[in-house]
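# Notes for the structure review
Listed below, chain by chain, are the residues.
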Amino acid sequence: MQEAVKEVVQQGLPPTVQQAVHQAVLEAIKQALPAVHRCNGRSLDPGARLEPVPHPDTGALPPNFPANNRALNAMTYAQLGKLLAFYGEPVAGNTEARRKRLKIFIGQFV
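A quick note: this is a predicted structure, and the numbers were derived from the prediction, not measured. (Residues numbered from 1 in each chain as written. Predicted model: local features only at pLDDT ≥ 70, side-chain atom pairs only at ≥ 80, totals over all residues. Heavy atoms only, no water.)

Okay, the packing of aromatic side chains next. On inspection of all chains with the given rule, the structure shows two aromatic pairs. An angle of 80° between the planes, with centres 5.1 Å apart, marks the rings of Phe-86 and Tyr-87 as edge-to-face. Residue Phe-86 is classed as partly exposed on the basis of its relative accessible area, which comes to 24%. Here Tyr-87 falls in the buried class, since its relative accessible area comes to 5%. Each ring, one from Tyr-87 and one from Phe-105, has its centre 4.4 Å from the other, and the planes form 40°; the classification is tilted. Note that Tyr-87 is positioned in helix H4 (residues 77-87) and Phe-105 in helix H5 (residues 95-106), a separation of 18 residues in sequence. Just as Tyr-87 is buried, Phe-105 falls in that class too. Connected via pairs of aromatic rings, a cluster forms that spans Phe-86, Tyr-87 and Phe-105. Between the NZ or CZ atom of Arg-98 and the centre of the ring of Tyr-77, over which it lies, the distance is 3.6 Å. (Phe/Tyr/Trp six-rings, centres within 6.5 Å; stacked < 30°, edge-to-face > 60°. Buried < 20%, exposed > 50% of the residue type's maximum accessible area, 1.4 Å probe, protein only. Helix = DSSP H or I, 4+ residues; strand = E, 2+ residues; numbered from the N terminus. Lys NZ or Arg CZ within 6 Å of the ring centre and 35° of its normal.)

What follows is about the nonpolar core. If you look at the biggest cluster of nonpolar residues, it comprises twelve residues: Leu-50, Val-53, Phe-65, Leu-72, Met-75, Leu-80, Leu-83, Leu-84, Tyr-87, Leu-102, Phe-105 and Ile-106. Contributions of two or more residues to this core are made by H4 and H5. Here the element with the most residues in this core is H4; it accounts for four residues. (Core = buried A, V, L, I, M, F, W, Y, C linked by side-chain atoms within 4.5 Å.)

Written as structure tokens, this is what we have:
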């Protein structure tokens, strides 16, 4: 999705068209979030792949999103804080509180 927005900007289209495309891309991302959450909710096996959840307002994918549950459960306090901050979620609490908050945000059943 982000690639589509970059292509529109590079084509030199008028700003109003660029903005309209950007809004359409963000709307498509918001509509896709429930599917990503369902996918992650079914991924309870430690090695099961997790789908990165795009930022709901920008569509950006987070850096260092855990590849699977094993990686998610191995994330440190600082790593969890950075990912929660990326999404604009509260970062308060200990490591397990942060992990639980992130799991809920990405659609995992806790």
